[in-house]
Amino acid sequence: MTQLTQGQRMPLPQIVSGQSLTIGIHIQGTGLVFDVSCFGVDHEDQLSDDRYFVFFNQKSSPEGAIKQLGALGGDLEQFQIELSRLPASIKKLVFAVTIDGSGTMSHIQSGHFRILENGQEKARFAFGPQGFTQEKAIIVAEIYLKDVWRLLALGQGFAGGLSALLKNYGGEESDATPQSPPPLPTPAQPTPAQPTVNLNKGVLLEKKVQEKAPALVSLVKKVNVVLEKKQLQDVVAKVVMVMDASGSMTSSYMNGTVQAVVDRVGVVAMRLDDDGALESWFYADRCKATPDVTLDNIHNYVKNHVRGQFLEIFKGLGVGNNEPPIMRALIDKHRNSQLPVLVVFITDGGIYKAEEISRLLRDASNLPIFWQFVGVAGRGYGVLEKLDDLSGRVIDNADFFAVDDLRLISDDQLFERMLNEFPGWIQAAKAKGILR
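Residues numbered from 1 in each chain as written. Predicted model: local features only at pLDDT ≥ 70, side-chain atom pairs only at ≥ 80, totals over all residues. Heavy atoms only, no water.

How should I be thinking about the overall build of the protein in this particular structure?
A count of helical and extended segments in the protein gives 11 helices and 18 strands. Since a compact globule built from 436 residues should have a radius of gyration of about 22 Å, the 22 Å found for the protein is in line with a globular shape. Across its three principal axes, the protein shows a C-alpha extent of roughly 70 × 50 × 40 Å. With 436 residues in all, the protein has 55% of them scored as buried. Of the contacts made within the protein by residues no fewer than 6 positions apart, 73% connect residues no fewer than 24 positions apart. (Helix = DSSP H or I, 4+ residues; strand = E, 2+ residues; numbered from the N terminus. Rg over C-alpha atoms; globule rule 2.2 N^0.38 Å. Buried < 20%, exposed > 50% of the residue type's maximum accessible area, 1.4 Å probe, protein only. Contact = heavy atoms within 4.5 Å.)

Looking at this structure, I do not really get the side chain of Ser 246. What am I missing?
Examined against the element boundaries, Ser 246 turns out to sit in the loop between strand E13 (238–244) and helix H4 (250–254). A distance of 2.7 Å separates a polar atom in the side chain of Ser 246 from a polar atom in the side chain of Asp 244. Apart from the residues lying within four places of it in its own chain, the contact partners of Ser 246 are Tyr 283, Ala 284, Val 319, Gly 320, Asn 321 and Asp 348. (Polar contact = N/O pair within 3.5 Å; in protein donor to acceptor, adjacent residues only side chain to side chain.)

Help me understand the nonpolar core in this model?
Soluble globular proteins: nonpolar side chains tend toward being buried together. Among the nonpolar cores identified, the biggest contains 61 residues, and Met 243, Tyr 253 and Phe 422 are the most heavily contacted of them. In terms of residues, this core owes the most to one element, helix H5 (residues 257–272), which gives 10 residues. With 41 residues, the next largest nonpolar core counts Val 16, Val 54, Leu 86 and Phe 132 among its residues. (Core = buried A, V, L, I, M, F, W, Y, C linked by side-chain atoms within 4.5 Å.)

Would you mind going over the sheet that holds strand E8 (residues 92–99) with me for this structure?
Sheet strands line up and pair through hydrogen bonds in the backbone, either parallel or antiparallel. The strand order across the open sheet built from 6 strands is E2-E12-E11-E8-E4-E5, with neighbouring strands paired in antiparallel fashion. Looking at which strands have only one partner, the edges of the open sheet turn out to be strand E2 (9–11) and strand E5 (53–54). In terms of strand pairing, strand E11 (residues 137–146) meets strand E12 (residues 148–158) through 9 bridges, oriented antiparallel. Bridging from a neighbouring strand, Ile 143 pairs with Leu 151 of E12. (Pairing = 2+ DSSP bridges.)

Whenever I open this one, empty space enclosed by the protein confuses me. Can you help?
If you roll a probe as big as a water molecule over the atoms, it shows you where there is empty space left. Summed over the entire model, instances satisfying the criterion amount to 1 cavity of 30 Å³ or more. Considered as a void within the structure, the largest cavity measures approximately 60 Å³ in volume. Lining the largest cavity we find Val 261, Arg 264, Val 265, Ile 346, Val 374, Phe 401, Leu 406, Leu 414 and Met 418. When residues of the lining of the largest cavity are traced back to their parent elements, those giving at least two are H5 and helix H10 (411–418). (1 Å grid on protein atoms, 1.4 Å probe; cavity = no way out; pocket = protein on both sides within 12 Å on 5 of 7 lines; lining within 4 Å. Points joined across faces, edges and corners; volume = space filled by probe spheres on them.)

Explanation requested: the environment of Gly 433 in the structure shown.
Mapped onto the fold, Gly 433 is located in the segment after helix H11 (422–431). Overall, Gly 433 belongs to the exposed group, its relative accessible area being 58%. Between the C-alpha atoms of Gly 433 and Lys 59, which are 374 residues apart in sequence, the distance is 38 Å.

These values are about where atoms sit, not about what they do.
If you want it as C-alpha cells, here you go:
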C-alpha cells in the first residue's frame, strides 16, 4: 500500500490497475458534524454542471460515474468512481469535507483519504489538525486528468462552509436544495482577532492604480477576485518574474506579448508582495536582473527598461535557453526567505537541460520557493510538461501550463492558472515546517 504525504502527486495507474475505484474518507472530531462531497469540475475548475456535485442530497451523477455509498468499511463516506464513464467535460474530481454547524477544522482529531480497488486498500493519505485554524472545510484530495488520471493529496483548508465552497467552484446552494438540520444553538464564542492589514489591501491597490496606471484597474479587480477565491487574500508573498530573452522570443518583445505578461504578473506582485514590487530577471544563455517592476514604472516597462536599452540590458546574455543558472541564482537569493516566494517563470520552450532542472527542483523542494512555469507561444517544453511525475521531492514545488496565444485566454483564466497550485503548496510547506 502507498502512503501519501500532503502535496504529493501520483499517476493513478501507479496505484490501481483500472479506472474503477472506491474512495474512502474519514474524519473525526468531538462534537463536530461533517458533510462529505465530491465536485466534478471542468477545465476551468468550475462546476459547470451541478449534476456533478455529489453529496448527501444528490448521491449520484447522471450516468453513475460518481456514486456516494455512505458509511462503509470504517469510513465516514465512500464514493464509487468509474472514470471511464465521466463525460469529456469533467477534468477533475474534488473531494471535500465541510463542518455542518459550529466548530472549525482545528478541532479535528484525525482524518484520512484512501483509494481501494476490488476491496483492497491501495493508497492512503492521513491528516490531522496541524496547520488549520478557523477553516470550516478541507479540500482533501483531487483526481485530475493530465494525459492520464492523477491523484493529488491536498489537505487544503478552506475558510467558508459548503455554500462558500460551492461558490468557489462556480455553483451555489439553491433554496430548493434540502439542507442538513440546523445545529443546536451554542454559546457565543469570542471572535479571535483577525489581521486587518490585508483585508483592505485589494481596495487600496485599486485606488493607487486608478491614480497612477488606470489602464490596469480591471486587471487588479480580477486579481482580487481570484485571490479571494483561492483563499489567498491575506497571504503576503514575494513575487519574482523570470522572462525568456532568447533569440526566438524577439517577436514577442516587439509585438507587446512580453509587456502584457509584465502587466499581469506585475499586478499579482503589487497585491501579494509586502513592498508592492515585482523582482524581475531576464535570461538566455546567462541571466541578468533588471529594475523591479512597480506602479511607478510598469507603464511601457519593456520599452523603457528592456527593448529601448536592449543592447545594454541584454549584453552578454546570448541567444539560447539555459534555465539552470537563473534557477541557481534565485535559490541562492531566496533560500532563507521568511515569506513564501512565487517565481513566475516565462519561456517559449526549447528546454533541453532536463536532468539539471530536475535536480535543482528536487534540491529546492525543502525551500520556501514555488516555481510556476508558463509556456508562451512556444514548443519543446520538455521536462516542464512532466513535473507531476518528478519524484524525490520533499513536497511538490512546481507547476507548468502553456498558452499558445495570450489573446485567446481571458485574464481571469490566466490568473486562475497562474495561482492554481500556489495555495496547496503553501499548505504543504507549512505542514513540513518549510513555512511558518
